[in-house]
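Summary of structural features
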Amino acid sequence: MADLSSNFVGIKSPNPFWLASAPPTDKEYNVRRAFEAGWGGVVWKTLGEEGPPIVNVNGPRYGAIWGADRRLLGLNNIELITDRPLEVNLREIKAVKRDYPDRAVVVSIMVPCEEAAWKAILPRVEETGADGIELNFGCPHGMSERGMGAAVGQVPEYIEMVARWCKANTRMPVIVKLTPNITDIRKPARAAKAGGADAVSLINTISSITGVDLDSFSPLPSIDGKGSHGGYCGPAVKPIALNMVAEIARDSETAGLPISGIGGVTTWRDAAEFLALGAGNVQVCTAAMTYGFKIVQEMISGLSQWMDERGHDSVAGIVGRAVPNVTDWQYLNLNYVTKARIDQEACIKCGRCFAACEDTSHQAITMSPDRVFEVQDDECVACNLCVDVCPVEGCITMEQLEPGVVDPRTGRTVSADYANWTTHPNNPMARAAE
Amino acid sequence: MANSQMTRGIVSGRLPAETIARNFSDLHAPLDAHEAAVASDRCYFCHDAPCMTACPTSIDIPLFIRQIQTGTPEAAARTIFEQNILGGMCARVCPTETLCEEVCVREVAEGKPVEIGRLQRFATDTLMAQGAHPFARGASTGKRVAVVGGGPAGLSCAHRLAMKGHDVVVYDAGPKAGGLNEFGIASYKSVGGFAQAEVEWLLQIGGIDVRLGEALGSGLTLEALRKDFDAVFLGIGLAGVNALRAEGEDRGGVRDAVDFIAELRQSKDLTTLPIGRNVVVIGGGMTAVDAAVQSKLLGAENVTIVYRRGRERMGASEFEQDLAASKGVRILYNAMPVAVHDGEIELEYTVETAGSLKGTGERFRLAADQVFKAIGQVLAGAPSGVRIEGGKISVSGDGRTSVDGVWAGGDCASGGDDLTVTAVAEGRDAAEDIHRALIG
Ligand SMILES: Cc1cc2nc3c(=O)[nH]c(=O)nc-3n(C[C@H](O)[C@H](O)[C@H](O)COP(=O)(O)OP(=O)(O)OC[C@H]3O[C@@H](n4cnc5c(N)ncnc54)[C@H](O)[C@@H]3O)c2cc1C
Ligand SMILES: Cc1cc2nc3c(=O)[nH]c(=O)nc-3n(C[C@H](O)[C@H](O)[C@H](O)COP(=O)(O)O)c2cc1C
Ligand code: SF4
């Protein structure tokens with residue numbers, strides 16, 4: 001069986017599946033049960049500085065978006081960092097790490113933007129025997145109004161400064177957790193690197209409102225008739241997170257900076273995709289909150305089956321395998337021509353492809369009186385919309401036109417040569433081919 | 001002239017070959033990939049899932065369904081086989097409507113459970129089609145265990161023992177291994193020679209020596225086995241049948257349903273298998289339904305199940321009763337056989353008062369050129385010395401009998417329903433207990 005063991009910035013864990021800093025990792029009871037269920041590591045729920053505990057709302061903390069059959073696709077929360085006393089958390093972290101030496105225990109921290117505050121907490125965290133720290137610069141609600149969380153994460157200079165303080169005051173590896181609520185994710189990643197951070201982790205949650213109660217006109221979740229933006233996570237945010245991970249992985253300034261991938265990881269496949277786009281491991285929150293700790297078993301069995309089938313023998317060997325294939329639009333091969341193909345055997349004749357193409361695309365699908373749907377190659381621009389709306393997986397596929405064949409839509413012979421926009425005759429900026 | 005459904009007497013070839021072939025094809029066709037995707041999507045991944053509790057082998061159903069959902073049916077199969085090495089057969093024969101699917105929260109909420117049995121088949125078929133065996137034998141322990149009976153209980157026990165590194169010899173009285181999987185289960189539940197294919201696949205673990213045609217009681221003795229082996233497991237099923245206690249029971253045309261089914265299961269060409277025009281099956285369990293339905297599928301014109309108690313007491317599940325009805329089998333409740341005459345059976349209505357059953361005195365006759373007895377199998381050939389209780393080998397805990405070093409499980413042992421899946425669970429648990437006893 002494939003070796004799933006993981007070494008992330010020197011932190012070892014039996015598999016690359018860590019629980020992200022959030023309610024699942026808020027206390028010893030949870031973390032012990034998570035480790036028993038098979039999780040490779042945890043990032044403990046964010047600790048704040050010594051003092052009166054944090055106060056959370058006492059009404060609903062979560063809002064949600066569902067797909068068909070009430071499958072939870074997106075979760076929104078207005079929870080703050082841990083509301084339990086610092087010394088209780090530290091005591092529990094120490095006990096858990098002592099009993100599970102082979103698992104990763106990383107402690108998430110958020111204290112005010114003053115060096116003294118960091119100097120005060122770091123030795124106490126170090127004393128627990130934890131494997132590393134994660135700086136929570138991502139929380140988009142509640143804490144940012146107090147000058148912490150996303151308020152720091154949105155200012156690259158602050159990130160660099162705090163990372164530097166931490167590196168100077170602890171021997172533990174420092175992971176900087178990034179907020180996605182920013183225009184260019186590469187800037188905070190570069191700042192983290194400049195400050196000496198060992199790694200970045202992303203994404204934290206995305207600012208959002210999940211809905212509005214149309215009777216009371218209160219945003220959801222509603223606290224006494226009022227709502228506040230919260231942080232969005234779960235399967236819905238995965239594409240955003242994947243892109244941000246890839247952006248950092250392929251940025252020459254941060255090349256080689258380890259990344260912990262977070263955001264919507266729900267199955268082994270999601271995890272493999274994050275790894276391929278450059279994440280050294282993954283962190284999970286919503287999937288565990290939706291289905292319980294047991295889902296890690298599917299992640300483990302699925303990842304190892306895929307690795308065995310494809311002959312990947314280590315997690316490290318998968319990391320970043322897709323990064324060289326992430327490019328800019330202008331470098332995509334314009335001579336790669338495909339056409340939609342409908343498998344008539346598999347077709348259940350719902351007509352969704354027809355509606356999509358006829359009403360909103362290129363009128364390239366015909367419908368016969370007995371509901372046979374066929375692609376007209378002379379109209380098909382290969383947009384893929386029919387594939388995406390078809391309810392039967394694999395029924396509509398994209399088939400490449402071989403070089404030498406004439407594309408009936410353009411009348412041009414498909415060329416075997418790679419040619420992109422930078423050299424295209426219609427591009428006013430095109431450089432001369434010679 | 002060729003025979004038809006109307007031909008008198010017990011004759012073969014009542015239906016054309018194509019009709020017979022169609023009749024005996026898969027009762028539940030396998031799911032294709034799209035159907036499996038849709039069916040698996042319905043599972044809620046319940047916590048401490050009721051389905052898992054209802055499964056006698058405690059298969060982690062939510063996990064294996066999620067593994068199908070995420071495109072790894074092979075991993076799903078592993079999850080199944082870890083708990084139930086005959087998960088392939090169980091996917092076909094388990095009365096899921098009274099086990100896992102009955103308690104599915106979707107059944108409770110919408111009256112339509114997740115199709116656990118068919119999904120289980122999708123997963124196990126996928127892995128078995130690849131021919132590979134998912135488990136490796138443990139390092140040899142040098143211990144030897146005799147397993148008597150190569151049915152589900154014996155095979156499951158032998159496989160688990162082999163996994164643990166013990167050397168196993170399976171003795172079976174019959175000409176093929178598999179027990180009732182091979183000789184009893186209705187044809188349309190296990191098509192295409194699946195039972196033997198599954199046995200061969202299971203034996204790939206290695207370390208299991210199967211000796212056919214060797215019976216405890218004729219040649220083999222428990223004393224000798226106990227001397228030659230470190231432990232003995234008895235999985236001999238229920239080889240005897242109850243008597244009808246009706247006049248004329250020994251007439252031609254009266255037969256054990258289990259024998260008839262065994263002949264049917266072993267028949268190479270069902271158009272040559274004789275069946276009556278008017279068939280009456282006595283009994284109320286799965287065997288009665290299977291005998292009746294298969295008689296009908298062979299082309300009998302009239303098939304009646306006669307059960308001595310009311311519908312609610314019938315052993316066959318509602319699904320099976322409906323299956324029988326849909327095939328044109330008539331089920332007569334509250335009637336018992338009194339005498340078998342030439343071409344007829346005489347019956348008497350019954351009433352059940354305070355648990356005891358009495359004839360009402362009102363008698364009637366049904367045309368019957370063939371009568372099948374499906375009134376329960378009984379223990380036969382249990383070695384003397386082991387304590388018998390309520391007609392079965394008395395066991396405690398994980399299958400320990402009254403004799404030291406001798407375990408038992410499956411239909412022959414006390415406790416549990418007489419189901420394939422229960423036999424598998426008991427065989428497996430006994431193996432674990434034997435392992436603990438041998439290795440400490
Ligand atoms: C007609 C019929 C239909 C059924 N349909 C279903 C169904 O659809 N679903 C379901 O879950 N269950 C069904 N059952 C029940 C199920 O088949 C049994 O519960 C199950 O096979 C029991 O397994 P076992 O290993 O205990 O016994 P068996 O399957 O009976 O196997 C016992 C084995 O021991 C051998 N043996 C017996 N005596 C000796 C001896 N003295 N020495 C050596 N070997 C011996 C036999 O040859 C046989 O191979 C059905 C039963 C019958 C009779
Ligand atoms: C209720 C809740 C509380 C969270 N609290 C924290 C926190 O204290 N610190 C932190 O760094 N991230 C926190 N997060 C963000 C998660 O760690 C994670 O980055 C985010 O949910 C995306 O991952 P997911 O899609 O797997 O849920 C929280 C998320 C949720 C849902
Ligand atoms: S009870 Fe039904 S829905 Fe729940 S896990 Fe089992 S099969 Fe799935």
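About the thresholds
- Residues numbered from 1 in each chain as written.
- Chains lettered and ligands numbered in written order.
- Predicted model: local features only at pLDDT ≥ 70, side-chain atom pairs only at ≥ 80, totals over all residues.
- Heavy atoms only, no water.
- Helix = DSSP H or I, 4+ residues; strand = E, 2+ residues; numbered from the N terminus.
- Rg over C-alpha atoms; globule rule 2.2 N^0.38 Å.
- Buried < 20%, exposed > 50% of the residue type's maximum accessible area, 1.4 Å probe, protein only.
- Areas by Shrake-Rupley, 256 points an atom, 1.4 Å probe, with all protein chains shown as cover.
- Pairing = 2+ DSSP bridges.
- Axes fitted to C-alpha atoms, helices over the stretch in contact; angles between N-to-C directions.
- Contact = heavy atoms within 4.5 Å.
- Disulfide = S-S within 2.5 Å.
- Near = heavy atom within 4 Å.
- Polar contact = N/O pair within 3.5 Å; in protein donor to acceptor, adjacent residues only side chain to side chain.
- Nonpolar A, V, L, I, M, F, W, Y, C, P; charged D, E, K, R; others polar.
- Domains from an automatic or database assignment.
- Core = buried A, V, L, I, M, F, W, Y, C linked by side-chain atoms within 4.5 Å.
- Right-handed = clockwise from strand over helix to strand, strands pointing away.
- pLDDT = per-residue confidence, 0-100.
- Parallel < 35°, antiparallel > 145°, perpendicular 65-115°, else oblique.
- Left-handed = near helix turned anticlockwise from the far one by under 90°.
- Phe/Tyr/Trp six-rings, centres within 6.5 Å; stacked < 30°, edge-to-face > 60°.

Points about the overall build of chain A
Each helix and strand in chain A was counted, giving twelve helices and 20 strands. Over its C-alpha atoms chain A spans a radius of gyration of 25 Å, differing by no more than 12% from the 22 Å that the globule rule assigns to 434 residues. Overall, chain A is about 70 × 60 × 50 Å in size when its C-alpha atoms are taken along their principal axes. In chain A, which comprises 434 residues, the proportion classed as buried is 50%. For chain A, the exposed area adds up to about 19,800 Å²; of that, 52% sits on carbon and sulfur atoms.

Some words on the sheet that holds strand β3 (residues 167–172) of chain B
Residue and element names in this part refer to chain B. An order of β4-β3-β2-β7-β21 is seen for the five strands of this open sheet, with the pairing classed as parallel. Each having just a single partner strand, β4 (208–212) and β21 (406–408) make up the two edges of the open sheet. Each strand of the sheet is rotated relative to its neighbour by a mean of 20 degrees, with strand direction disregarded. As paired strands, β3 and β4 are joined by five bridges and run parallel to one another.

Examining the sheet that holds strand β11 (residues 278–282) of chain B
The strands making up a sheet associate through backbone hydrogen bonding, with each pair oriented either parallel or antiparallel. Residues and elements named next belong to chain B. Taken together, five strands build an open sheet; the order of strands is β9-β17-β11-β12-β13 and the sheet is parallel. For this open sheet the edge positions go to β9 (254–256) and β13 (330–332), each flanked by a neighbour on one side alone. The average undirected angle you get between the axes of adjacent strands in this sheet is 25 degrees. Here strand β12 (residues 302–306) pairs with β13 via three bridges, running parallel. Residue pairing in the sheet places T304 in a bridge with R330 of β13. Sheet strands in contact with helix α15 (residues 286–298) are β11, β12 and β17 (370–373), and its direction is about 175 degrees off that of β12.

Things to note about the state of the cysteines
Under the defined criterion, the tally for this structure stands at zero disulfides over all chains. Cysteine C113(A) shares no disulfide, and the gap to the nearest cysteine sulfur, in C166(A), comes to 10 Å. For C113(A), a relative accessible area of 27% puts it in the partly exposed group. Not part of a disulfide, C90(B) finds its nearest cysteine sulfur in C94(B), a span of 4.2 Å. Overall, the relative accessible area of 2% leaves C90(B) in the buried class.

Concerning the site of ligand 1
All names here are of chain B. For ligand 1, the set of nearby residues contains 34 residues, the closest of which are V93, D172, L180, K189 and D411. The separation between a nitrogen atom of ligand 1 and a polar main-chain atom of V93 is 2.8 Å. Between A153 and ligand 1, the recorded distance is 2.9 Å, taken from a backbone N or O atom to an oxygen atom. At the level of secondary structure, the elements contributing two or more residues to the shell around ligand 1 comprise α10 (152–163), β3, β5 (215–216), α15 and α17 (420–439). The class makeup of the residues in the shell around ligand 1 is 16 nonpolar, twelve polar and six charged. Inspection of the shell around ligand 1 shows a minimum of three residues originating in each of domain 2 (144–239 + 379–439) and domain 3 (241–376).

Digging into the site of ligand 3
In the vicinity of ligand 3, the contacting residues are C43(B), Y44(B), C46(B), A49(B), C51(B), P62(B), C104(B), V105(B), V114(B) and I116(B). Among the residues forming the shell around ligand 3, the class breakdown is ten nonpolar, no polar and no charged.

Points about the nonpolar core
Grouped together as the largest cluster of nonpolar side chains are 83 residues, with contacts concentrated most on W39(A), W118(A), V176(A) and L202(A). At seven residues, helix α7 (residues 238–249) of chain A tops the list of elements feeding residues into this core. Discounting chain neighbours no more than four positions away, the residues touching W118(A) are I109(A), M110(A), V111(A), P112(A), C113(A), L135(A), F137(A), V162(A), W165(A) and C166(A). Among the nonpolar cores identified, the runner-up in size contains 63 residues, and A36(B), L86(B), V145(B) and V170(B) belong to it.

As for the pairing of strand β7 (residues 104–109) of chain A
Residues and elements named next belong to chain A. Burial within β7 is extensive, with six of its six residues counted as buried. Burial of β7 is two-sided: the residues A104, V106 and S108 facing one way and the residues V105, V107 and I109 facing the other way are all buried. Examined bridge by bridge, β7 and strand β8 (residues 132–136) share four bridges and lie parallel to one another. Pairing of I109 across the sheet is with L135, part of β8. Each parallel crossover has a hand, and for β7 linked through helix α3 (residues 115–126) to β8 it is right-handed.

What about the confidence of the model for chain B?
Looking at chain B, the pLDDT average stands at 96 and 100% of residues meet or exceed 70. Scoring of the predicted complex yields 0.93 for pTM and 0.91 for ipTM.

Side note on helix α4 (residues 61–69) of chain B
What sets the pattern is the α-helix's 3.6 residues per turn: residues three or four places apart point alike. Residues and elements named next belong to chain B. The buried fraction of α4 is high, at eight of nine residues. Along α4, the positions that sit buried rather than exposed are I61, P62, L63, F64, I65, R66, Q67 and I68. Between a side-chain oxygen at the N-terminus of α4 and the backbone nitrogen of L63 the separation is 3.2 Å; the capping residue is D60.

Comments concerning the domain arrangement of chain A
In many reports, interface size means the accessible area that the parts give up when they come together. When cut into domains, chain A gives domain 1 (6–325) and domain 2 (329–433). Centre-to-centre, using C-alpha coordinates, domain 1 of chain A lies 39 Å away from domain 2 of chain A.

Observations regarding the domain arrangement of chain B
Each assigned domain of chain B is listed with its residue range as follows: domain 1 (33–129), domain 2 (144–239 + 379–439) and domain 3 (241–376). Placing a centre on the C-alpha atoms of domain 1 of chain B and another on those of domain 3 of chain B gives a separation of 33 Å.

Overview of the packing of α4(B) against helix α9 (residues 116–129) of chain B
Residue and element names in this part refer to chain B. Interhelical geometry of α4 versus α9 gives an angle of 60 degrees and a closest axis separation of 10 Å. What the angle tells us is that α4 and α9 run oblique. Considering how the two elements wind past one another, α4 and α9 form a crossing that is left-handed. Contact residues: α4 offers I61, F64, I65 and I68, while α9 offers I116, L119, Q120, F122 and A123.

Quick look at the packing of aromatic side chains
Any pair of aromatic rings gets described here by the distance separating the centres and the angle formed by the planes. All names here are of chain A. On inspection of all chains with the given rule, the structure shows nine aromatic pairs over all chains. Relative to W18, the ring of F8 has its centre 5.9 Å away and its plane inclined at 80 degrees; by these criteria the two rings are edge-to-face. Placement of the pair is F8 in strand β1 (residues 6–8) and W18 in strand β3 (residues 17–19), with a sequence separation of ten residues. Given the relative accessible area of 0%, W18 is considered buried. Considering the side-chain rings of F354 and F373, the 6.3 Å spacing of their centres and the 50 degrees angle between planes classify their relative orientation as tilted. Placement of the pair is F354 in helix α11 (residues 352–360) and F373 in strand β19 (residues 373–375), with a sequence separation of 19 residues. The exposure class of F373 is buried, given its relative accessible area of 1%.

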